Amino acid sequence: MRPTLRPDAVLVQAVIAGALSFAHLHDLAEAAGQTGWKAWAYPISVDLLLVAAWHRLRSLRAAGDSARSAWTWFTVALAASLGANIATAGLLDLTDVPDWLRILVAGWPALAFLGGTLLVHSPGHPEVAQPAEPSRDTEEPAAVEAVIERDDMTEPEPGIAAAPALPSPDPEPVPEPAPEPEPAPVPVPPALVAHARKVADDYRARTGYPIDADTLRARLGVPPLMAHAIAAQLA
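Residues numbered from 1 in each chain as written. Predicted model: local features only at pLDDT ≥ 70, side-chain atom pairs only at ≥ 80, totals over all residues. Heavy atoms only, no water.

Draft legend 1. Structural view of the packing of helix α2 (residues 37-63) against helix α3 (residues 68-91). Taken N-terminus to C-terminus, the directions of α2 and α3 make an angle of 150°; their axes are 8 Å apart at the nearest point. Comparing their axes, α3 and α2 come out roughly antiparallel. Crossing of α2 over α3 shows left-handed handedness. Facing V46, L49, L50, A53, W54, R56, L57, L60 and R61 of α2, the residues of α3 in contact are A70, W71, W73, F74, A77, L78, A80 and S81. Taken together, the residues of the contact of α2 with α3 sort by class into 14 nonpolar, one polar and two charged. (Axes fitted to C-alpha atoms, helices over the stretch in contact; angles between N-to-C directions. Helix = DSSP H or I, 4+ residues; strand = E, 2+ residues; numbered from the N terminus. Parallel < 35°, antiparallel > 145°, perpendicular 65-115°, else oblique. Left-handed = near helix turned anticlockwise from the far one by under 90°. Contact = heavy atoms within 4.5 Å. Nonpolar A, V, L, I, M, F, W, Y, C, P; charged D, E, K, R; others polar.)

So, in structure tokens, the structure goes:
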């Protein structure tokens, strides 16, 4: 089911009031000598400063901070908008604008820039300092004092014989580790022994040293246990 659109009276009133204020500011800026796109930029600048000051005002009040600066710039923007509405109501000849009004209109951009900058860069909430954690140097003396007090509490009172100390039990003998069983001899085929002997003779002829079990295992491609068994037979 599609929701039905209902006009909001407050929203309609805000749009009408904003449009009229926008038009009055444009007519006043144009009459003060700001022609072209500059006359359209003035009402935008006034309305944006008004909205920014109101937003900053609500944020500061919700945080419990001072909102004096936000109130100041909100009043300045409201006075500019209200003054343009009154000036264009027939109380001022727009064909012959006085010099002081031309000066105010010409100086408004710098004033609005200053207000927007102060509103954006106003100080925020101060950070709450976290309590420092106690260092190890301060914890160790307290632990030592607690141990000393505990030792003092265990001392016997005068006139009371101390209980005889119980003899410490003899330590149990540590059982000796059982000897590891010797590995069973690995059967080696005679043909493999004969081939290994040829390899060993060739290795001795080239290097002058007897062949070791690791080299023999690498040459023959046999497991380590079998290589050691063959080396024992060649020795």
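Text resumes after the structure shown.
Draft legend 2. A look at α2. In this model α2 runs 39 Å from its N-terminal to its C-terminal C-alpha over 27 residues, within 8% of the 39 Å that 1.5 Å per residue would give. Residues A39, Y42, P43, V46, L49, A53, L57 and L60 constitute the buried set of α2. Backbone geometry just after α2 places G64 at a positive phi near 80°. (Expected span 1.5 Å × (residues − 1). Buried < 20%, exposed > 50% of the residue type's maximum accessible area, 1.4 Å probe, protein only.)

Draft legend 3. Quick peek at the nonpolar core. In terms of nonpolar packing, the biggest core is built from 25 residues, with L49, V105, W108 and L119 touching the most fellow members. Counting only elements with at least two residues in this core, the list comes to α1 (9-31), α2, α3 and α4 (99-120). Take this core: its biggest share by element is seven residues, from α2. Apart from the residues lying within four places of it in its own chain, the contact partners of V105 are A29, A32, Q34 and Y42. Counting 14 residues, the second largest nonpolar core, distinct from the first, contains V193, Y203, I211 and L216. (Core = buried A, V, L, I, M, F, W, Y, C linked by side-chain atoms within 4.5 Å.)

Draft legend 4. View of the side chain of Q34. Secondary-structure assignment places Q34 in the loop between α1 and α2. On the basis of relative accessible area, Q34 is assigned to the buried category, the value being 13%.

Draft legend 5. Up close: the packing of helix α6 (residues 190-207) against helix α8 (residues 224-234). For the pair α6 and α8, interaxial distance at closest approach is 10 Å and the crossing angle is 70°. Classified by the angle between their axes, α6 and α8 sit roughly perpendicular to one another. Of α8, the residues touching α6 (which contributes L192, V193, A196, R197 and A200) are M226, I230, Q233 and L234. Tallied by class, the residues present in the contact of α6 with α8 amount to seven nonpolar, one polar and one charged.

Draft legend 6. Region of interest: the pattern of salt bridges. Taken as a whole and judged by the stated rule, the model has one salt bridge. D202 is the partner of R206 in a salt bridge, and the nearest nitrogen-oxygen pair spans 3.2 Å. With a gap of four residues between them, R206 and D202 both fall in helix α6, about one helical turn apart. (Salt bridge = Lys/Arg side-chain N within 4 Å of Asp/Glu carboxyl O.)

Draft legend 7. Quick look at the packing of aromatic side chains. Applying the stated criterion across every chain yields a total of three aromatic pairs. Relative to F74, the ring of W71 lies with its centre 6.0 Å away and its plane at 85°, an arrangement referred to as edge-to-face. Placement of both W71 and F74 in helix α3 is noted, with a separation of three residues, approximately one turn of the helix. Residue W71 is classed as partly exposed on the basis of its relative accessible area of 40%. By the ring-pair criterion, three or more aromatic residues cluster together here, those being W54, W71 and F74. (Phe/Tyr/Trp six-rings, centres within 6.5 Å; stacked < 30°, edge-to-face > 60°.)

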